[in-house]
Structures are given as structure tokens and as C-alpha cells.
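# A structural walkthrough
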Amino acid sequence: MTTQQDLARRQVQAVLQAQQQQAGALLPILHAVQDTLGYIPDWAVADIAQALNQSRAEVHGVITFYHHFRTSPPAAHTLQICQAEACQARGSRALTAHAEQALGCSLHGRSGDIGLEPVYCLGLCATGPNIMLDDKLVSRVDAARLDRLLAGVKEA
Ligand code: FES
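Residues numbered from 1 in each chain as written. Predicted model: local features only at pLDDT ≥ 70, side-chain atom pairs only at ≥ 80, totals over all residues. Heavy atoms only, no water.

### Quick word on the pairing of strand β3 (residues 114-119)
Note the cut-off: Each residue is assigned to one of three classes by its accessible area relative to the maximum for its type, calculated with a 1.4 Å probe on protein chains only: buried under 20%, partly exposed between the two thresholds, exposed over 50%. Put simply, DSSP H or I for four residues or longer makes a helix, DSSP E for two residues or longer makes a strand, and each gets a number counted from the N terminus. A strand pair is defined by DSSP finding two or more bridges across the two strands.
The element β3 is largely enclosed, with a buried count of five among its six residues. Inspection of the sheet shows strand β2 (residues 109-111) paired to β3 by three bridges, in the antiparallel sense. By the bridge assignment, Gly-109 is partnered in β3 with Leu-116.

### Re the pairing of strand β1 (residues 77-82)
Where β1 and β3 come together, six bridges link them in parallel fashion. Residue pairing in the sheet places Thr-78 in a bridge with Gly-115 of β3. Sheet analysis places β1 next to strand β4 (residues 131-133), joined by three bridges and oriented antiparallel. In the sheet register, Ile-81 faces β4, and the bridge partner there is Ile-131.

### Thoughts on the state of the cysteines
Note the following rule: Only a pair of cysteine sulfur atoms within 2.5 Å qualifies as a disulfide here.
Under the counting rule described, the total for this entry stands at zero disulfides. Cys-105 takes part in no disulfide bond, and the closest cysteine sulfur to it belongs to Cys-82, at a distance of 18 Å. Note on Cys-105: relative accessible area 11%, which makes it buried.

### Comments concerning the domain arrangement of the chain
Selection rule: What fixes the domain bounds is an automatic or database domain assignment.
For the chain, the assigned domains read domain 1 (3-65) and domain 2 (77-155). For domain 1 and domain 2, the distance between their C-alpha centres works out to 30 Å.

### Some words on the side chain of Gln-19
Filter applied, for reference: What makes two residues a contact is simply this: any of their non-hydrogen atoms within 4.5 Å.
With respect to the element layout, Gln-19 can be found in helix α1 (residues 3-19). When neighbours within four sequence positions are excluded, Gln-19 is seen to be in contact with Ala-25, Pro-28, Ile-29 and Ala-32.

### Focus: the nonpolar core
Burial of nonpolar side chains together is a common tendency in soluble globular proteins. Counted only if it meets this: Definition used in this section: a nonpolar core is a set of buried Ala, Val, Leu, Ile, Met, Phe, Trp, Tyr and Cys residues joined via side-chain atoms within 4.5 Å.
Counting 20 residues, the largest nonpolar core has Ile-29, Leu-30, Val-33, Ile-40, Ile-48, Val-59 and Ile-63 as the members making the most contacts within it. Put simply, the parts of the chain that give this core at least two residues each are α1, α2 (26-37), α3 (42-52) and α4 (56-65). Among the elements that line this core, the one with the most residues is α2, at six residues. Leave out the neighbours within four places in its chain, and Ile-63 touches Leu-30, Ile-40, Val-45, Phe-69 and Thr-71.

### A word on the environment of Ala-14
Following the sequence through the fold, Ala-14 ends up in helix α1. Assessed through its relative accessible area of 44%, Ala-14 is described here as partly exposed. Considering only alpha carbons, one finds Ala-14 and Gly-152, 138 residues apart in sequence, at a separation of 39 Å.

Written out as C-alpha cells, the structure is:
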């Protein structure tokens, strides 16, 4: 095991020690592990299951039920497109379809260094459709503007 894996395992053990005695600990633990490591590795599923006296299948079932949880490292860049009602009324579905075609992946998918994710309201409903590209919030995004933003990411 590499030093990096040792560190990750110690981080997961710290999360487990801090939270495993709480009622309903599984979801907070999964959030904490993903917040710490960026995703939930297979080996962590085994550690979590053992700590909570659950089967790996039970833990895996919860992970796969929620799209929020990742089982592989996140993409270097994340494009989130608002799917909430106000942005839908302003064209976010068509924008999402364009993004899926441009990237060659579906929502929750990944194309190279860019992950495509839904988000449900970014708080600027009057200026949709809105996106988050990494930590940058962009409003009134149409297909052409999205293409320019993605080209900028690919060139960086
Ligand atoms: S509905 Fe998209 S920002 Fe609120």
C-alpha cells in the first residue's frame, strides 16, 4: 500500500471513529469520506460496512442510490447545469441536451477531464439558464456560450 493510500485509510478511520456510534451514521459517514477523499473507494466500502456491522452490499446500495456519491475520483473540472423549474422554463433542458452531445456523455457522466452534473437551483432563478463551471457561476447560458466556456476549459 502506498503512503497516499495509508493516509487515505487513516482519514477514513478517523471519520469512522468520530461518527460510527451516531444513530443513522451511514449517510454522514459517506458524505464525510467523499468530502475528504473526493470519492468513496471500494476499500472504504469494506471499512465502513465493518464499522457499522452492515454488509458491503448494503453500503454499496446506499452509495449507488444517491447520484451525489462517486465511486471513482472526480473529474478535474465539473460542469453543473441547473435542472430546477425556473431554469427549465428558460431552456436548461435544451442546454443540457447540447452539453451531453458536445461532451459525449450524459448527466452524471464524464468526458475526459470534465464531469457533467445536474444541480438544483443556484439561487439566480431570474437569470437562467444557469451553470456552474468549477467554482464559476454563469447566467443566461446558451449553447454557443457553453461551447466557448468548454473550449476555455479544454485549452487551459
Ligand atoms: S432554478 Fe436555476 S438557479 Fe434557480
